[in-house]
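Each chain, letter by letter, is given below.
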Amino acid sequence: MDYFKSIRPYYDREVADVLHKIKDHSFIRALLAYGFPELSEDERLQLLFSCESIFDFQHKIMYKVVKKATEKSITEFTYEGFDKLDTQKAYVFISNHRDIVLDTSLLNVTLHDYDLRMTTSAMGDNLIQKEYLRKLAKLNRNFVIFRNLPPREALEHSKLVSEYIRHCVVEEKRSVWTAQREGRTKDGDDRTQQGVLKMLSLATPEGSTTLQYFKTLNIVPVSISYEFDPTDMLKIPALVAQYYGVEYVKSKKEDFENIIQGWFGQKGRVHISVGKPLNEELTAIEQEYTHINRQLQALAEMLDKAIHKLYKLFPANYIAYDFLNSTDTYKDYYNEKEVRQFERRIHNRSKSGNAVSQKKFLEMYANPVKNKHSYQLGE
């Protein structure tokens, strides 16, 4: 029985059939044209059909597409910590989450460059409502998280996802990526939701404590930092609605618009930091706390601390903090040219006459400064 069929990526044996089904879709043709402008249409299709496995598709197609996006929309891409990972081990990467597609794409490209296995990655079903997007996601080794289920179904689904993650890491030795929370962080205040850790715990094997099991998952914090969020303007309406206590309803095209803008929009510099497995921290937590909820809370706090410390701050972050707080605390971290550049961004991408909109825009960039420095100060 195919126990994980409802959520899993494709098996290698399914790839060829899926590629033939999506080959004529305009989005797939555009994706190939973007990644391989030097090839004719027939040559692109030949390349597509040469993929006989998920790895082939990721290596031959998506790796080149992501590299092209990096060249065109990122001025400098840097990373650290990957050289400390063991090529023989699988990890659960728990990351802050800013961009729907690019977060995992950049992580996997860098893992591949270091001869580490690319991840299987969690993706909400709200992002792949269209059939071709669902197929493309599963070709990229994404597994599906179903949103908005009734409580009983939600619990059963969480158990299935948890068991799938355990299957990947423990049995297949395949690393897994998951965000620290449901959905992207819109206001720049990256916080781990305890529910994510609770979900992971549902596959704890009999005879093991949850934190002992977590050690077998090799949980690694990951922090991704964008100098400029290409979707910052698109996040403002939801933040303003939240400020006024008004329900925010997404448009049908909103997620797709965020994907496209995140992919092609200019991001300036981008940095990814991966930490070390939190196994020592898990031992300390288990020694200090006995109740599982308190243990998970302590782990969430530990992940927050690690992610904030790993976060790379850019001049825009410091400028936003000083603007928001009417100070010059971080004036040594930026210059006048960078101030003018950020002022133009605020004017062009937030409603300049709306004080709430401007405040939310500034918070989006300023919150990482507050979080990183609070941990550096030992608060």
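What comes next is a walk through the structure.

**Examining empty space enclosed by the protein**
Then, in step 1: Applying the stated criterion across every chain, the model contains two cavities of 30 Å³ or more.
Then, in step 2: Around the largest cavity, the lining residues are Arg98, Thr185, Lys186, Gly188, Tyr226, Asp229, Lys235, Tyr311, Asn317, Met364, Tyr365 and Pro368.
Then, in step 3: If you tally residues by element for the lining of the largest cavity, the top one is helix 16 (residues 355-376), at three residues.
Then, in step 4: A per-class count over the lining of the largest cavity returns five nonpolar, three polar and four charged.

**A closer look at helix 9 (residues 210-217)**
Then, in step 1: All of the buried residues along helix 9 are Thr210, Leu211, Tyr213, Phe214 and Leu217. Projected down its long axis, helix 9 carries its buried residues within an arc of 150 degrees, all on one side.
Then, in step 2: Buried-residue contacts for helix 9 involve strand 2 (92-95), helix 7 (151-171), helix 8 (194-201), strand 6 (219-226), helix 12 (279-288) and helix 13 (292-310).
Then, in step 3: Within two residues after helix 9, Asn218 carries a phi angle of roughly 50 degrees, on the positive side.

**Description of the packing of helix 4 (residues 54-73) against helix 5 (residues 102-113)**
Then, in step 1: For the pair helix 4 and helix 5, the least separation of the axes is 10 Å and the interaxial angle reads 115 degrees. What the angle tells us is that helix 4 and helix 5 run roughly perpendicular. Crossing of helix 4 against helix 5: the hand is left-handed. Mapping the contact onto sequence places Phe55, His59, Tyr63, Val66, Lys67 and Thr70 in helix 4 and Ser105, Leu106, Val109, His112 and Asp113 in helix 5.
Then, in step 2: Here the residues of the contact of helix 4 with helix 5 sort into five nonpolar, four polar and two charged.

**Side note on the sheet that holds strand 7 (residues 268-274)**
Then, in step 1: Across the sheet, which stays open at both edges, the seven strands sit in the order 1-7-6-2-5-3-4 with mixed pairing between neighbours. Strands with a single pairing partner mark the edges of an open sheet, and in this sheet they are strand 1 (74-80) and strand 4 (142-145). Recorded for the sheet is a direction-independent mean angle of 25 degrees between the axes of neighbouring strands.
Then, in step 2: The sheet contact formed by strand 2 and strand 5 (residues 176-179) spans four bridges and is parallel. Across the sheet, the residue bridging to Val92 is Val176, located in strand 5.

**Some details on the layout of surface pockets**
Then, in step 1: Estimated volume of the second largest pocket: approximately 570 Å³.
Then, in step 2: Secondary-structure elements contributing two or more residues to the lining of the second largest pocket are helix 2 (26-35), helix 4, helix 5, strand 3 (120-124), helix 6 (131-139) and helix 11 (254-264).
Then, in step 3: Of the residues belonging to the lining of the second largest pocket, the class tally is 22 nonpolar, seven polar and no charged.

**Examining the environment of Phe264**
Then, in step 1: Its place among the elements puts Phe264 in helix 11.
Then, in step 2: For Phe264, a relative accessible area of 41% corresponds to the partly exposed category.
Then, in step 3: Phe264 sits 194 residues away from Thr70 along the chain, and the two C-alpha atoms are 9.2 Å apart.
Then, in step 4: Once residues lying within four places of it in the same chain are set aside, the contact partners of Phe264 are Tyr34 and Ser73.

**Concerning the pattern of salt bridges**
Then, in step 1: Under the definition given, this model contains 21 salt bridges.
Then, in step 2: A salt bridge links Asp113 to Lys67; the shortest N-O distance between them is 3.3 Å. You can see Asp113 sitting in helix 5 and its partner Lys67 sitting in helix 4, a full 46 residues away along the chain.
Then, in step 3: The exposure class of Asp113 is partly exposed, given its relative accessible area of 36%.
Then, in step 4: Salt-bridge contacts for Lys359 lead to Glu363; the nearest nitrogen and oxygen are separated by 2.6 Å. Residue Lys359 and its partner Glu363 are located together in helix 16, separated by four residues, close to a single helical turn.
Then, in step 5: Shared partners join several salt bridges into a network, and the residues in it are Lys23, Asp24, Arg29 and Glu41.

**Digging into the side chain of Ser53**
Then, in step 1: Positionally, Ser53 belongs in the loop between helix 3 (41-49) and helix 4.
Then, in step 2: Among the polar contacts made by the side chain of Ser53, one reaches the main-chain amide nitrogen of Asp56 at a distance of 3.0 Å.
Then, in step 3: Discounting chain neighbours no more than four positions away, the residues touching Ser53 are Asp12 and Val15.

**Focus on unusual backbone geometry**
Then, in step 1: The backbone phi angle of Arg141 is positive, close to 65 degrees, even though this residue is not glycine.
Then, in step 2: Locating Arg141 in the fold gives a position in the loop between helix 6 and strand 4.
Then, in step 3: Positive phi values are uncommon outside glycine, yet Asn148 reaches one of about 60 degrees.
Then, in step 4: Topologically, Asn148 is positioned in the loop between strand 4 and helix 7.
Then, in step 5: Here Asn148 falls in the exposed class, since its relative accessible area comes to 80%.

**A short note on helix 12**
Then, in step 1: Considered for burial, the residues of helix 12 that qualify are Glu281, Leu282 and Ile285. The buried residues of helix 12 occupy one face: seen down the axis, they fall within an arc of 100 degrees. Exposed and oriented more than 90 degrees from the buried face of helix 12 are Glu280 and Gln287.
Then, in step 2: On its buried face, helix 12 sits against helix 9 and helix 13.

How each quantity is defined
- Residues numbered from 1 in each chain as written.
- Predicted model: local features only at pLDDT ≥ 70, side-chain atom pairs only at ≥ 80, totals over all residues.
- Heavy atoms only, no water.
- 1 Å grid on protein atoms, 1.4 Å probe; cavity = no way out; pocket = protein on both sides within 12 Å on 5 of 7 lines; lining within 4 Å.
- Points joined across faces, edges and corners; volume = space filled by probe spheres on them.
- Helix = DSSP H or I, 4+ residues; strand = E, 2+ residues; numbered from the N terminus.
- Nonpolar A, V, L, I, M, F, W, Y, C, P; charged D, E, K, R; others polar.
- Buried < 20%, exposed > 50% of the residue type's maximum accessible area, 1.4 Å probe, protein only.
- Arc of directions from axis to C-beta.
- Contact = heavy atoms within 4.5 Å.
- Axes fitted to C-alpha atoms, helices over the stretch in contact; angles between N-to-C directions.
- Parallel < 35°, antiparallel > 145°, perpendicular 65-115°, else oblique.
- Left-handed = near helix turned anticlockwise from the far one by under 90°.
- Pairing = 2+ DSSP bridges.
- Salt bridge = Lys/Arg side-chain N within 4 Å of Asp/Glu carboxyl O.
- Polar contact = N/O pair within 3.5 Å; in protein donor to acceptor, adjacent residues only side chain to side chain.

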